[in-house]
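This is what each chain is made of:
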Amino acid sequence: MNLFAALPVAFVRGEGAWLWDTQGKKYLDALAGIAVCGLGHAHPAITAALCDQAGKLLHTSNWYQIPLQEQLAERICKLADMDNAFFCNSGAEANEAAIKLARLHGHQRGILTPGIIVTEGSFHGRTLATLSASGNRKIQSGFEPLVQGFYRVPYNDLDAIRQVGEHNKDVVAVLVEPITGEGGISIPDAGYLKGLRQICDERGWLLMLDEIQTGMCRTGKWFACQHEDVVPDVMTLAKGLGNGVPIGACLARGKAAQVFKPGSHGSTFSGNPLVCRVALTVIDELEKGKLAQRAAKLGARLLAKLKEALGQVAGVKDIRGRGLMLAVELDRPCKELLQLALDRGLLINVTAENVIRLLPPLIMTDDEADIVVRELASAVRAFVEQATTGAKEQLSPVGGRA
Ligand SMILES: *Cc1c(COP(=O)(O)O)cnc(C)c1O
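Conventions adopted
Residues numbered from 1 in each chain as written. Predicted model: local features only at pLDDT ≥ 70, side-chain atom pairs only at ≥ 80, totals over all residues. Heavy atoms only, no water. Domains from an automatic or database assignment. Contact = heavy atoms within 4.5 Å. Buried area = accessible area lost by both parts, 1.4 Å probe. 1 Å grid on protein atoms, 1.4 Å probe; cavity = no way out; pocket = protein on both sides within 12 Å on 5 of 7 lines; lining within 4 Å. Points joined across faces, edges and corners; volume = space filled by probe spheres on them. Helix = DSSP H or I, 4+ residues; strand = E, 2+ residues; numbered from the N terminus. Axes fitted to C-alpha atoms, helices over the stretch in contact; angles between N-to-C directions. Parallel < 35°, antiparallel > 145°, perpendicular 65-115°, else oblique. Left-handed = near helix turned anticlockwise from the far one by under 90°. Nonpolar A, V, L, I, M, F, W, Y, C, P; charged D, E, K, R; others polar. Pairing = 2+ DSSP bridges. Salt bridge = Lys/Arg side-chain N within 4 Å of Asp/Glu carboxyl O. Buried < 20%, exposed > 50% of the residue type's maximum accessible area, 1.4 Å probe, protein only. Arc of directions from axis to C-beta. Near = heavy atom within 4 Å. Polar contact = N/O pair within 3.5 Å; in protein donor to acceptor, adjacent residues only side chain to side chain. Areas by Shrake-Rupley, 256 points an atom, 1.4 Å probe, with all protein chains shown as cover. Expected span 1.5 Å × (residues − 1).

This part takes up the domain arrangement of the protein chain. Taken domain by domain, the protein chain holds domain 1 (11-30 + 290-393) and domain 2 (44-288). Taken over C-alpha atoms, the centre of domain 1 sits 28 Å from the centre of domain 2. Opposite the 23 residues of domain 1 that make contact, domain 2 presents 23 residues. In this assembly, domain 1 packs against domain 2 so that about 1700 Å² is buried in total across both faces, 58% of it on carbon and sulfur atoms. Interface area lost by domain 1 to domain 2 is led by Arg322, Met325 and Arg357, which between them contribute 38%.

Now for empty space enclosed by the protein. In this approach, a probe sized like a water molecule rolls over the atoms, and the result shows the empty space that is left. Summed over all chains, the structure comprises 1 cavity of 30 Å³ or more. Counted as a void, the largest cavity has a volume near 60 Å³.

This next bit is on unusual backbone geometry. Cis geometry marks the peptide bond from Glu144 to Pro145; its omega dihedral reads 0°. Relative to the helices and strands, Pro145 is located in the loop between helix H6 (137-140) and strand S6 (150-153). Phi is positive for Ala35, close to 65°, though the residue is something other than glycine. As for its placement among the helices and strands, Ala35 is situated in helix H1 (residues 32-35).

Where helix H7 (residues 158-167) meets helix H8 (residues 192-203), the closest approach of the two axes is 10 Å, and the angle between their N-to-C directions is 15°. Taken as axis vectors, H7 and H8 run roughly parallel relative to one another. Between H7 and H8 the crossing geometry is right-handed. Contacts between H7 and H8 involve Leu158, Ile161, Arg162, Gly165 and Glu166 from the first element and Tyr192, Gly195, Leu196, Ile199 and Arg203 from the second. Considering only residue class, the contact of H7 with H8 consists of 5 nonpolar, 2 polar and 3 charged.

This part takes up the sheet that holds strand S1 (residues 11-15). The mixed open sheet is built from 4 strands, whose spatial order is S1-S2-S3-S13. Looking at the sheet topology across the chains shown, the edges are occupied by S1 and strand S13 (346-347). Pairing of strand S3 (residues 26-29) with S13, which is carried by 2 bridges, proceeds in the parallel orientation. Each bridged residue has a counterpart across the sheet, and for Leu28 the counterpart in S13 is Leu346.

Turning to the pattern of salt bridges, a few remarks are in order. Close approach of charged atoms allows side chains of opposite charge to pair. Across all of its chains, the model carries 23 salt bridges by this definition. The partner of Asp201 in a salt bridge is Arg197, and the shortest N-O contact between them spans 2.8 Å. You can see Asp201 and its partner Arg197 sitting in helix H8, 4 residues apart, about one turn around the helix. In this structure, Arg294 and Asp366 form a salt bridge, with 2.8 Å as the shortest nitrogen-oxygen distance. Taken together, the positions of Arg294 in helix H10 (residues 291-310) and Asp366 in helix H12 (residues 366-395) put the pair 72 residues apart, joining distant regions of the chain. On the basis of relative accessible area, Arg294 is assigned to the partly exposed category, the value being 21%. Connected via shared salt-bridge partners are Arg294, Arg301, Lys305, Asp366 and Asp370.

As summarised here, the arrangement of the 4 strands in space is S11-S12-S15-S14, forming an open sheet in which the pairing is antiparallel. One side of each edge strand has no neighbouring strand; the edge strands of this open sheet are strand S11 (316-322) and strand S14 (349-351). Averaged over all pairs of adjacent strands, the angle between their axes in this sheet comes to 25°, without regard to strand direction. Across 3 bridges, S14 lies against strand S15 (residues 355-358) in antiparallel orientation. Bridge pairing in S15 links Asn349 to Arg357. The strands touched by H10 within the sheet are S11, strand S12 (325-330) and S15, with S11 carrying the most contacts at an inclination of about 170°.

What follows concerns helix H2 (residues 44-54). Every buried residue of H2 is accounted for by Ile46, Ala49 and Gln53. The buried residues of H2 occupy an angular sector of 65° when the element is viewed end-on, so they sit on one face. What points out from H2, more than 90 degrees from its buried face, is the exposed set Pro44 and Cys51. Taken together, the buried residues of H2 touch helix H3 (67-80) and helix H9 (273-288).

Taken together, the residues surrounding the ligand are Ser90, Gly91, Ala92, Asn95, Phe123, His124, Gly125, Glu177, Asp210, Ile212, Gln213 and Lys239. Interatomic distance of 2.8 Å between a backbone N/O atom of Gly91 and an oxygen atom of the ligand. In the environment of the ligand, a nitrogen atom lies 3.2 Å from a nitrogen or oxygen atom belonging to the backbone of Phe123. Summarising the interface, the protein chains cover 81% of the accessible area of the ligand, which totals 380 Å² for the free molecule. Tallying contributions element by element places helix H4 (residues 91-108) first for the shell around the ligand, with 3 residues. Its residues assigned to classes, the shell around the ligand comprises 3 nonpolar, 6 polar and 3 charged.

Let us now look at H8. Here H8 spans 17 Å end to end across 12 residues, near enough to the 16 Å set by a 1.5 Å rise per residue. Within the span of H8, buried status applies to Tyr192, Leu193, Gly195, Leu196, Arg197, Ile199 and Cys200. Residues of H8 that are buried make contact with strand S5 (115-119), H7, strand S7 (171-176) and strand S8 (206-210). Gly204 lies just past H8 and shows a positive phi near 75°.

Structure below.
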């Protein structure tokens, strides 16, 4: 179906932070498949685990015990300080599970129309419930009627959340991204997550953090909430968890971990031996390579160099980031930059119309990061110049082009 406006390039091979297209041209990947391939492409340990597991057992179904799934649950829960896990096949499914968990929790406490507080500019997925939860009219438009039961507040605004709580006794949970991804890399004020934790504790709500993009070492900690020492009641993961095999997870803690009972929720593919084996290997490699620390260090370097190279360029409004989740915000829509970067052998992303988003693999070297900065700066300059020349041409009288 005609759903993705794909760029005119096809990749056939990858290695580390590099990809090769059908013509043999080489590209430096500063997007990592949208924060998926944290370990880069064709990582030998991942390839070996995949091949070995594929030769043993792919799938049995959750009618039987799956030791690799139990191991993965144990490992990931230990890292996130959570109690149990439901595995699924995507981020949207992980959030779908979280939303169902929150509603069931409400019903178990006698609330017939449980509500969930969500934020403007958020992205939680493309299923009906998750697009309804998302704060983005574009992805909702045409799919009404939306799923009900969401209260929307501005991002980074604790008072707005308190106010919703004052006026609505059916609220059961808050669902928030620690840093927005698709919404344009908004980094909330220090203390936002702690404030959320406090409000949820006071009111008996579940704090549900969507760490699908921010999790798995991306921001310089295993999970972004750890920057504020906050532990949520529910955490959702996907993207970097499988380095490219489809896996998501909904983790729960304390009372939230007791909500689902056999039959409450499920999925055929969920947590099969193949994906769990790969996710276990991903965790092994993230640990071995100390890649959370690496993401923090390389992220700081990239941020400083981006500011140096682009801070004074006309049209650049802001440069921000945490770990390897970085943004260069322009004062105008800049989708054309994707092609300009591609021409320079660089893969980037533009989100929220005017935000250049960088999500490089965590294994990227300093030298590679310097190439990212150099080529991105060149592309941005070309883009801004193009725009100014274009504007001048439009302004000049007919035939008046000097
Ligand atoms: C990507 C993303 C999702 C959706 O994940 P899918 O695997 O595309 O369904 C949800 N929340 C956040 C924060 C994301 O970045």
